[in-house]
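Below, each chain spelled out in residue letters.
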Amino acid sequence: MYLREAEPHELDAIYSIGFDAWSGGVSYEEYLVGCHDSKKYQAGTWYVLIDNEQILSSLILYQNIFGLKEGCFGIGSVATPNSLRGRGYASNLVNLLKTELFSNHNCKTIFLHSDIDHKFYGRLGFVTVKGSDCMYVSRVFFDCDGSIPEYF
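Residues numbered from 1 in each chain as written. Predicted model: local features only at pLDDT ≥ 70, side-chain atom pairs only at ≥ 80, totals over all residues. Heavy atoms only, no water.

Asker: Help me understand the side chain of Ser-23, please; the structure alone is not making it clear to me.
Answerer: Take Ser-23: it is sitting in the loop between α2 (19–22) and α3 (28–37). Polar contacts involving the side chain of Ser-23 include one to the main-chain carbonyl oxygen of Phe-19, which spans 3.1 Å. If near-sequence neighbours (up to four positions away) are discounted, Ser-23 is found in contact with Gly-18 and Tyr-31. (Helix = DSSP H or I, 4+ residues; strand = E, 2+ residues; numbered from the N terminus. Polar contact = N/O pair within 3.5 Å; in protein donor to acceptor, adjacent residues only side chain to side chain. Contact = heavy atoms within 4.5 Å.)

Rendered as structure tokens:
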């Protein structure tokens, strides 16, 4: 298994992973059009966890947008296909990306907004910003002053 940036031809497959959670009741075709047209999705870089050329999990990475300060990154839309859930692929993906960012990209802090139980991300080292759905992990001491990035 390895981490890499998603290739453009993989976007439909990546978007389809989130259809069950994020479609909002629209048809699959309308959902895909919305994903392709999404300014939010266009602003980030998609990453995938791959094994035998199969996408096991995906997420999007943001920098210099949504109020993310210098040295800060944001991750969102973490998803694993239904048939592969519960095998640790999303955890593996997040951990590999954390290592990559902290080791090779001068990253100080990674933020996310958790729409799920915070325990999942807590097991990966993320800490909840009190009174919000925002969580962070930092390689240096980080004292959140209450200013958190916008929802992404």
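After that view of the structure, there is still more to cover.
Asker: What is the right way to read the side chain of His-113 from this model?
Answerer: Relative to the assigned elements, His-113 resides in strand β5 (residues 109–113). Take His-113: its relative accessible area is 12%, and that puts it in the buried class. For His-113, the side chain forms a polar contact with the main-chain oxygen of Pro-149, separated by 3.2 Å. At 3.0 Å, the side chain of His-113 forms a polar contact with the backbone oxygen of Glu-150. Apart from the residues lying within four places of it in its own chain, the contact partners of His-113 are Ile-75, Asp-133, Cys-134, Pro-149, Glu-150, Tyr-151 and Phe-152. (Buried < 20%, exposed > 50% of the residue type's maximum accessible area, 1.4 Å probe, protein only.)

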